[in-house]
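Residue-level structure breakdown
Residues per chain are reported as follows:
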Amino acid sequence: MNVRLRPALLWLVLVAAVALVPLSDSRAQTAQTRQVMRQKLELSQGLLAGLVTSNWSALGKDSRALASLTMDPGWAVLREPEYARQTVDFLRSADALVDATARRDQAATLVAYNNLVASCVQCHRYVARARLARVWSTAQPRARQRADPS
Ligand code: HEC
């Protein structure tokens, strides 16, 4: 094969792997997972509305529902211990929110809400890194094979 083509081929393999792995992951994602993820967003939007209007009953209801979403089988997308740890952090924030809203403590509710949103972002960052790591660990041996077929 033309030697000058090889780097281009390597890039093609890598780009294809990066493009295809998330696709196959999302296909494997169950309808239940999709629903859980959507509910998560709707409930946290409800929390923001409740927070700015001091709607304590809505805050209590939404924060309890958010905490119990973690029990849904659709929540368990990854089996890594780090995912479990991120879930525990999220649950801790959701529980603090349930507690603060039950006491109608606006300052504590605001802090708990901020911590909760931070835990959403933390876990999403971890999930993105975990996917990228998996893509690299599968793409590199293949890329090496292509580069050196002996
Ligand atoms: C313990 C980890 C974790 C936490 C905490 C978490 N998420 Fe997610 N979230 C995920 C995973 C995993 C996905 C699915 C990503 C994928 O499959 O591409 C996801 C996807 C989503 C999506 C995209 C849904 C879609 O239609 O594709 C939204 C929106 C979302 N999360 C919102 C939130 C919000 C809001 C919070 C906090 C209240 C939150 N998440 C907390 C793990 C988490």
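A short tour of the structure in this document, coming up. Numbering of residues starts from 1 in each chain and follows the order in which that chain's sequence is written. In keeping with the predicted nature of the model, local features appear solely for residues at pLDDT of at least 70, side-chain atom pairs appear and are counted solely at 80 or more, and the whole-chain, interface and lining totals rest on all residues.

Next up on the list: the overall build of the chain. By definition, any uninterrupted DSSP run of H or I lasting at least four residues is a helix, any uninterrupted run of E lasting at least two residues is a strand, and each is numbered from the N terminus. Helix and strand counts for the chain come out as five helices and zero strands. The order of α-helices and β-strands along the chain, N terminus first, is α-α-α-α-α. Field definition: a residue is buried when 20 or more other C-beta atoms are found within 10 Å of its C-beta, exposed when 12 or fewer are, and partly exposed for counts in between, with C-beta atoms placed from the backbone. Relative to its full complement of 150 residues, the chain shows a buried share of 13%. The contact criterion used here is simple: two residues whose C-beta atoms, placed from the backbone, lie within 7 Å are in contact. Long-range contacts, defined here as pairs at least 24 residues apart, represent 68% of the contacts in the chain between residues at least 6 apart.

Axes here refer to lines fitted to C-alpha atoms; in helices the fit is confined to the stretch in contact. Angles between the N-to-C directions go from 0 to 180 degrees. The N-to-C vectors of helix H3 (residues 56-69) and helix H4 (residues 81-102) enclose an angle of 160°; their axes lie 9 Å apart at closest approach. Regarding the angle of H3 to H4, the classification is roughly antiparallel. Crossing geometry of H3 relative to H4 is assigned as left-handed. Contacts between H3 and H4 pair Trp56, Leu59, Gly60, Ser63, Arg64, Leu66 and Ala67 from the former with Leu91, Ala94, Asp95, Leu97, Val98, Thr101 and Ala102 from the latter. Side-chain classes follow a simple rule in which Ala, Val, Leu, Ile, Met, Phe, Trp, Tyr, Cys and Pro form the nonpolar group, Asp, Glu, Lys and Arg form the charged group, and the remainder, Gly included, forms the polar group. Looking at the contact of H3 with H4 residue by residue, the classes come out as nine nonpolar, three polar and two charged. Angles are sorted into four bins: roughly parallel if under 35 degrees, roughly antiparallel if over 145, roughly perpendicular if 65 to 115, and oblique for all others. Should the near helix be turned counterclockwise from the far one by less than a right angle, the crossing is left-handed, whereas a clockwise turn marks it as right-handed.

On to the site of the ligand, then. If you check the shell around the ligand, you find 18 residues, and the closest are Met37, Gln86, Phe90, Cys120 and Cys123. For the shell around the ligand, the secondary structure elements donating two or more residues are helix H2 (31-53), H4 and helix H5 (106-147). Sorting elements by how many residues they give to the shell around the ligand places H5 first, with six residues. Residues of the shell around the ligand, tallied by class, amount to nine nonpolar, seven polar and two charged. Any residue whose backbone-placed C-beta atom lies within 6 Å of a molecule or strand is treated as near that molecule or strand.

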